[in-house]
Structure formats: structure tokens, C-alpha cells
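Coordinate analysis (summary)
Take a look at the letters that make up each chain.
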Amino acid sequence: SLPAKLINGGIAGLIGVTCVFPIDLAKTRLQNQQNGQRMYTSMSDCLIKTIRSEGYFGMYRGAAVNLTLVTPEKAIKLAANDFFRHHLSKDGKKLTLLREMLAGCGAGTCQVIVTTPMEMLKIQLQDAGRIAAQKKLMAAQAQISSSPTVGAAEPVVERRTTATQITRELLRSKGIAGLYKGLGATLLRDVPFSIVYFPLFANLNKLGQKDPNGKAPFYVSFLSGCVAGSTAAVAVNPCDVIKTRLQSLQRGVNEDTYSGILDCTKKIWQKEGPMAFLKGAYCRALVIAPLFGIAQVVYFIGIAEFLLDMLPKHRA
């Protein structure tokens, strides 16, 4: 049933995000830093420096936004894919690869309703620590290089902002369109991701089904979700880099601003080289693999069906 699908998708999203959010934070910071003032050399370097400067919970900046919105986002994605697969099937026959891809395309298109504002807010909170650390480093360098007669530079104090503050400011200045900045880039990432992910998962998962009409073991669903998720994640990583850059409202020292997808692509290619489009790719693979592996296990085990079945018994 639809309620069961929504609950399953929501539970899966909450569990997955809680497990992999620090890696997602490292991905955002690595993707956003440009040539010149580079704060981090790798995922591990980013996480270590984040813990030192912001504490353990610094790795979970922006997690509240994700935990709030990931439930409807994952629920829409998984339920929409099932909906389109059902309506594209002919008399219950096996879907062709093209129809599976069309179903994934429909799911990816539906999910951006929630994904775009969620990613927009999350990126501001995740990247705030990088920008603050960069400013502190620049201030320290300026203080060292200044002559004794010049006064010491003012210490840089990071002002912590919340998702609510950012939302209010965007709504006040730009209206609802402010929360949907980067919508085109989000579609450019999520639609191809779903086109690759869902057919690949479905076919990998079928390999573990002993009965064509039965369910695959949970470990097969988990591994299928991991493989399909990481493959799709790396395939669309260039689009994710562009989306992250476009949705960032604040920039570090001497970092470029972008007017759109083409302008962003051109500047990254010219100034940072083609390899810049793979920034954070392994982080994204590490995030998506367990996230979708957990999601598919929860979804296919059907925790929601169990909970919904228990409600009448509990009332009785």
C-alpha cells in the first residue's frame, strides 16, 4: 500500500542519513573548494580538521535538515518508482530496460520537489565551517606578515546560522524561488541517477531471487543497493559538483561565482581541469552505497507493513 511505501522509504532514509552524514559533509566541502585556498586534501583530512576545529558534532552540521526532509524525499523516490513501474508494465509482464529507465526518470523528476530545497539548505550549513576556517587562516597569515607598527588583525568569529534563518532570508529576498536555486542542476543529477540506479538495482536483485515471484534475501537487496547506488553516484558526479557550486550562497576567498550551469561548467573546465568534475566522487560513492543499500533492505523487508498490521491488533 502507498502508506506502507512512504513509511518504509522514510525509515530507510533516516537510518541511512544518520550513518553516512559525515562523509556527505566531506563531499560537499571537497567539491566546493577551488584552486588556490584549498583547506582539505582528502576525505580523511577534511573529517580530522572538522573534528579539531568544530568538534565531533561539527561533522553533523546540516543533518537536522536532512533528517527532517529525507523522509518525504526517499518516500517519494521509492514510491514514485514503484508507481511508474506498475503503470508501465503490461499485464504484469517483465519490464523492458527502456521502461525501467522511464520509471526511474519519473521517480527522479518527482523527488526534486523535496530534494532541491533540502540540498540548498544543507549545503549552506555544511560549507559554513570550511569558509570560516579559510577566513581564520587568511587572518592568521595576514597577522604574521604585517609589520610590528600595524595593529593585529581582528579575530574572525564564525556566526552560526540555522536552516530556519536561511529559509526566512531566502523567502524574504527571493521568495519560494530562492529555495529552488539550482533546480535545473538538481534535475540534471537526479534524473540520470534514477535512470541508472533503479534498472541496475532491479536486475541485480533478481539474480538473488530463487523464486521469480518471491523476494530476494535481504543481503542480496543490500548488496544490490550498494553496487547500483555507488555506480550511479559516480556516473553523475560531474552534475553533483555543478549543483553544489551553484547552490552555494557564500564563497571563500578568491573563489568564482557562477551565473548558470553552462557558466559553471566552463569555468571549472578552464580553471580547474576536467578532473575537478570528479571531486568528492569516492565520498559520494561511500555515501550513496550504504544509504541505498539500507534503504532497499528496509523497503523490501517491509517494516511498515508489520507496523500497520500491528495497529488493529493493538487497538483490539
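Residues numbered from 1 in each chain as written. Predicted model: local features only at pLDDT ≥ 70, side-chain atom pairs only at ≥ 80, totals over all residues. Heavy atoms only, no water.

This part covers the environment of arginine 284. Tracing the chain through its elements places arginine 284 in helix H10 (residues 281-301). For arginine 284, a relative accessible area of 6% gives the class buried. Arginine 284 sits 51 residues away from alanine 233 along the chain, and the two C-alpha atoms are 6.3 Å apart. Arginine 284 has contacts with Lys27, Arg189, Phe193, Ala233, Val236, Asn237 and Asp240, leaving out every residue within four places of it along the chain. A polar atom in the side chain of arginine 284 sits 3.5 Å from the backbone oxygen of alanine 233. (Helix = DSSP H or I, 4+ residues; strand = E, 2+ residues; numbered from the N terminus. Buried < 20%, exposed > 50% of the residue type's maximum accessible area, 1.4 Å probe, protein only. Contact = heavy atoms within 4.5 Å. Polar contact = N/O pair within 3.5 Å; in protein donor to acceptor, adjacent residues only side chain to side chain.)

What follows is about the pattern of salt bridges. Summed over all chains, the structure comprises 18 salt bridges. Here the residues in one salt-bridge network are Asp24, Lys27, Glu119, Lys122, Arg189, Asp190, Asp240 and Lys243, joined through shared partners. (Salt bridge = Lys/Arg side-chain N within 4 Å of Asp/Glu carboxyl O.)

Under the defined criterion, the tally for this structure stands at eight aromatic pairs. Ring geometry for tyrosine 197 against phenylalanine 201: centres 6.0 Å apart, planes inclined by 15°, an arrangement best described as stacked. In this pair, tyrosine 197 and phenylalanine 201 both sit in helix H6 (residues 183-206), four residues apart, roughly one turn of the helix. The exposure class of tyrosine 197 is buried, given its relative accessible area of 0%. Considering the side-chain rings of tryptophan 269 and phenylalanine 277, the 6.3 Å spacing of their centres and the 40° angle between planes classify their relative orientation as tilted. (Phe/Tyr/Trp six-rings, centres within 6.5 Å; stacked < 30°, edge-to-face > 60°.)

The next subject is the nonpolar core. Grouped together as the largest cluster of nonpolar side chains are 30 residues, with contacts concentrated most on Ala26, Met43, Phe193, Tyr197, Cys283, Ile288 and Phe292. Every element with two or more residues in this core is listed here: helix H1 (2-32), helix H2 (43-54), helix H3 (63-88), H6, helix H7 (218-235) and H10. Broken down by element, this core gets its largest block of residues, six residues, from H1. Ignoring any residue separated from it by four or fewer positions in sequence, one finds tyrosine 197 in contact with Gly225, Ala228, Gly229, Ala232, Phe292 and Gln296. (Core = buried A, V, L, I, M, F, W, Y, C linked by side-chain atoms within 4.5 Å.)

It is worth spelling out the packing of helix H8 (residues 237-247) against helix H9 (residues 261-272) at this point. Packing of H8 against H9 leaves a shortest axis separation of 10 Å and a crossing angle of 110°. Between H8 and H9, the angle falls in the class roughly perpendicular. Note on element contacts: H9 touches H8 through Ile261, Cys264, Thr265, Ile268 and Glu272, opposite Val241, Ile242, Arg245 and Leu246. Partitioned by chemical class, the residues of the contact of H8 with H9 number six nonpolar, one polar and two charged. (Axes fitted to C-alpha atoms, helices over the stretch in contact; angles between N-to-C directions. Parallel < 35°, antiparallel > 145°, perpendicular 65-115°, else oblique. Nonpolar A, V, L, I, M, F, W, Y, C, P; charged D, E, K, R; others polar.)

The next subject is the state of the cysteines. Within this structure, the stated rule accounts for zero disulfides. Counting only cysteine sulfurs, cysteine 110 is the nearest neighbor of cysteine 105, a cysteine outside any disulfide, at a range of 9.4 Å. Free cysteine: cysteine 283, not disulfide-bonded; nearest cysteine sulfur from cysteine 46 at 7.7 Å. (Disulfide = S-S within 2.5 Å.)

Mapped onto the fold, threonine 186 is located in helix H6. Overall, threonine 186 belongs to the buried group, its relative accessible area being 0%.

Moving on: helix H5 (residues 163-174). Over its twelve residues, H5 runs 16 Å from end to end, which matches the ideal 16 Å to within 8%, given 1.5 Å per residue. For H5, the full list of buried residues reads Ala163, Ile166, Thr167 and Leu170. Down the axis of H5, the buried side of the element spans an arc of 100°, and every buried residue falls inside it. Of the residues in H5, the exposed ones pointing more than 90 degrees away from the buried face are Arg168 and Arg172. Phi turns positive, to about 75°, at glycine 175, one or two residues after H5. (Expected span 1.5 Å × (residues − 1). Arc of directions from axis to C-beta.)

Looking now at the side chain of serine 224. Along the polypeptide, serine 224 turns up in helix H7. On the basis of relative accessibility, which here comes to 4%, the residue serine 224 falls in the buried class. In terms of polar contacts, serine 224 uses its side chain to reach the backbone amide nitrogen of asparagine 205, at 3.4 Å.

Moving on to the packing of H3 against H6. If you want to describe how two helices pack, look at the angle between their axes and the distance between the axes. It is at 12 Å that the axes of H3 and H6 come closest, and there the two elements cross at 70°. Of the possible angle classes, the one that applies to H3 and H6 is roughly perpendicular. On H6, the residues that touch Lys77, Leu78, Asn81 and Arg85 of H3 are Phe193, Ser194, Phe198 and Ala202. Grouping the constituent residues of the contact of H3 with H6 by class yields four nonpolar, two polar and two charged.

Turning our attention to a nonpolar patch on the surface. Together, Phe218, Tyr219, Phe222 and Leu223 line one region of the surface with nonpolar side chains, adding up to about 430 Å² of accessible area. Relative to the helices and strands, leucine 223 is located in helix H7. (Patch = residues over 30% accessible without salt bridge, like charges linked within 9 Å, V, L, I, M, F, W, Y side chains within 5 Å. Areas by Shrake-Rupley, 256 points an atom, 1.4 Å probe, with all protein chains shown as cover.)

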